Amino acid sequence: MKLICGASNQDLAAIEDLCALYSLAGVHCIDVAADDAVAAAARRGIAWAVGRGADAPWLMVSLSDGEDPHFRKARFDPQHCPVDCPRPCQRVCPALAIGASGGVIAERCYGCGRCLPACPLGLITEAPQLLSPEAVPELLARLRPDAVELHSQPGRGEAFQRRLAQVLASGVPLRRLAVSMGPEGGAGPVGPERLAAELWQRFAPLRQAGLRVLWQLDGRPMSGDVGAGTAHAAVKLLRAVRPWAPPGPLQLAGGTNASSLGLLHPGDGAAGVAFGGMARRLLQPLLQQAELRGSPLREQDDLWRQALPLAQGLVQPWLRR
């Protein structure tokens, strides 16, 4: 059971509160951007929950072996916007990264891309957020995460091996290395057999390095908060890939929400689930209320006690399963 804070999300106040509440609710792992300030915020949130009796979840940081929707920021120049624009970009942004005026609040944007087609004039562009090869070993050595997730795409086997070598060069002992991949690639979508073959290609260097692997199947990326229907994509992908997949647990992600568990059959073989957009959306009204009051949600007893049952309602059914 994993909380995804977002590979490009740098909203430190929200991250700290989300990590605090979902740690207290019982998640096993929290996935954050590979960033010093973000990791520090996540650890402060975890410490708050541990102080209230929770077990500390693993801290995982996300990297990518190339351009990826999870590793980007939207941007636009508000001076180019028409005065009478109804700002549809603001309405569709789940991160509240676009306000009633101004441009994108970069630290809040986590790259979902919903604003790109919403702009009637096509003024919004995307900016990749990728670490240089030289930066990875030193950064991981500083952060010392419990686990790392490598986002990859079909056709990027060599790039994956280069990024993996950078992770290994850090010398950090990892409890697990997760590989996140879905059917979408640079040349278009691939079928389940091809996707499984790509996972096997990555399994060989991972096994050679002595790493324990977890395969995160990304059904419909960053869409779990859109509606119940997105839950089908991750479950469908799991069923299609499982007969061909290499050894290692298979985790649902991409479109997961409260409906995901009800779609699973006992023999589907899901080893776990990762929630991102849905987890944020559940607590977002309380996070906004805390922001208006001027102090973190976790420091306001009435708010965090309202937030905890919401987080538990998402997490506990999976823990009971």
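Worth saying up front: this structure is predicted, and the values here are computed from it rather than measured. (Residues numbered from 1 in each chain as written. Predicted model: local features only at pLDDT ≥ 70, side-chain atom pairs only at ≥ 80, totals over all residues. Heavy atoms only, no water.)

1. A look at the packing of helix α1 (residues 12–25) against helix α11 (residues 301–320)
For the record, the criterion: All axes are obtained by fitting lines to C-alpha atoms, using only the stretch in contact for helices, and the reported angles, taken between N-to-C directions, cover 0 to 180 degrees. Each helix is a run of H or I in the DSSP string that is no shorter than four residues. Each strand is a run of E no shorter than two, and both are numbered from the N terminus. With respect to orientation, any angle under 35 degrees is reported as roughly parallel, any angle over 145 as roughly antiparallel, any angle of 65 to 115 as roughly perpendicular, and every other angle as oblique. In this scheme the crossing of two helices becomes right-handed for a clockwise turn of the near helix relative to the far one and left-handed for an anticlockwise turn of less than a right angle. Between two residues, a contact is recorded if the distance between any of their heavy atoms is within 4.5 Å. Gly counts as polar in this scheme, as do all residues outside two lists: the nonpolar Ala, Val, Leu, Ile, Met, Phe, Trp, Tyr, Cys and Pro, and the charged Asp, Glu, Lys and Arg.
Relative orientation of the contacting elements α1 and α11 amounts to 50°, with a least axis distance of 8 Å. By the angle class used here, α1 and α11 are oblique. In this structure, α1 crosses over α11, and the sense of that crossing is right-handed. For the pair α1 and α11, the contacting residues are Leu21, Tyr22, Leu24 and Ala25 in the first and Trp304, Ala307, Leu308, Ala311, Gln312, Leu314, Val315, Gln316 and Leu319 in the second. In terms of residue class, the contact of α1 with α11 is built from 11 nonpolar, two polar and no charged.

2. With respect to the pairing of strand β8 (residues 213–218)
Using the following cut-off: Only protein chains enter the accessibility calculation, which uses a 1.4 Å probe; a residue whose area is less than 20% of its type maximum is buried, one above 50% is exposed, and one in between is partly exposed. Note on pairing: two strands pair once DSSP finds at least 2 bridges between them. When the strands point away from the viewer, a crossover counts as right-handed if the route from the first strand across the helix to the second turns clockwise.
A large share of β8 lies buried, amounting to six of its six residues. The alternating pattern of β8 places Val213, Trp215 and Leu217 on one face and Leu214, Gln216 and Asp218 on the opposite face, and all of these are buried. Judged from the five bridges that link them, strand β7 (residues 176–181) and β8 form a sheet pairing that is parallel. Looking across to β8, one finds that Ser180 is bridged to Gln216. Where the polypeptide runs from β7 across helix α7 (residues 192–208) and back to β8, its parallel neighbour, the crossover connection is right-handed. Here β8 pairs with strand β9 (residues 250–253) via four bridges, running parallel. Across the sheet, residue Trp215 finds its bridge partner in β9, namely Leu250.

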